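# Overview (structure and organization)
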Amino acid sequence: MSDETGTPDIPAGSSGGTSAEGGGPRPEPLRFFGTSWVNHDDGYAARRAGVAVGSLAVAVASCLVLRFAYDGIRIADTGSFVTVLVIAMFAICSALAFRNTWEGFGKRHDPQRQASLRGLLAIGFVGSLLAYFFRSLTEAPGEKLHREEYDTAREAHERRTARRTGNPSKKKRRK
């Protein structure tokens, strides 16, 4: 991705993450928010409200689809064991997906672990949607993690580029 000037966006945590203008790290864009989370500008509040309403609406619609699936299982007369098993599977997977998504807002996940949980997270998609809804009530989902990483990168850049006083070549050398 790139901004309006055509310069590529480089995540703050990556090496070489400096902007052409100021020579400092650039914030990593968040889904639906871009880099508006940094200064809470460019429609940040409206985007947060949109994410909250959208994720809740999709979660409700998903629950209606799951209700139709439940009715199909009931009509098929597969028995109470299968019905309870399917309900428990969706409930447990949704709870695990909620927890995994919620933890992902505070720390980076291990990519291998995420790959192994892909099926479980797909079944529990309602939990992930609800995690997005609840987090967007207080901040952009993932904002806290990205802000910590961005602030750390900015502080490290400031330490590296801080001007030294005096000319190091004129220092007295001991013999």
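As a starting point, this report considers the structure included with it. (Residues numbered from 1 in each chain as written. Predicted model: local features only at pLDDT ≥ 70, side-chain atom pairs only at ≥ 80, totals over all residues. Heavy atoms only, no water.)

One can describe the packing of helix H1 (residues 44-75) onto helix H5 (residues 125-136) by two numbers: an axis separation of 8 Å at closest approach and a directional angle of 155°. Compared by their axis directions, H1 and H5 come out roughly antiparallel. The handedness of the crossing between H1 and H5 is left-handed. Touching Arg48, Val51, Ala52, Ser55, Leu56, Val58, Ala59, Ser62, Cys63 and Leu66 of H1 are Phe125, Val126, Leu129, Leu130, Tyr132, Phe133 and Ser136, all from H5. Here the residues of the contact of H1 with H5 are counted per class, giving 13 nonpolar, three polar and one charged. (Axes fitted to C-alpha atoms, helices over the stretch in contact; angles between N-to-C directions. Helix = DSSP H or I, 4+ residues; strand = E, 2+ residues; numbered from the N terminus. Parallel < 35°, antiparallel > 145°, perpendicular 65-115°, else oblique. Left-handed = near helix turned anticlockwise from the far one by under 90°. Contact = heavy atoms within 4.5 Å. Nonpolar A, V, L, I, M, F, W, Y, C, P; charged D, E, K, R; others polar.)

Judged by side-chain polarity, Leu56, Val60, Leu64 and Phe68 come together as a nonpolar surface patch covering roughly 390 Å² of accessible area. With respect to the helices and strands, Leu64 occurs in helix H1. (Patch = residues over 30% accessible without salt bridge, like charges linked within 9 Å, V, L, I, M, F, W, Y side chains within 5 Å. Areas by Shrake-Rupley, 256 points an atom, 1.4 Å probe, with all protein chains shown as cover. Salt bridge = Lys/Arg side-chain N within 4 Å of Asp/Glu carboxyl O.)

Tracing the backbone through its elements, the reader meets Glu143 in helix H6 (residues 143-161). Accessibility expressed as a relative area gives 4% for Glu143, which makes it buried. Beyond its immediate sequence surroundings of up to four residues, Glu143 is in contact with Leu30, Trp37, His40 and Tyr44. (Buried < 20%, exposed > 50% of the residue type's maximum accessible area, 1.4 Å probe, protein only.)

The relative placement of two packed helices is expressed as an angle between their axes plus a distance between the axes. Running from amino to carboxyl end, H1 crosses helix H2 (residues 80-104) at an angle of 160°, the nearest separation of the two axes being 10 Å. In terms of their interaxial angle, H1 and H2 are classed as roughly antiparallel. Note on packing geometry: the crossing formed by H1 with H2 is right-handed. Counted together, Leu66, Tyr70 and Ile73 of H1 and Thr83, Val86, Ile87 and Phe90 of H2 form the full contact between these two elements.

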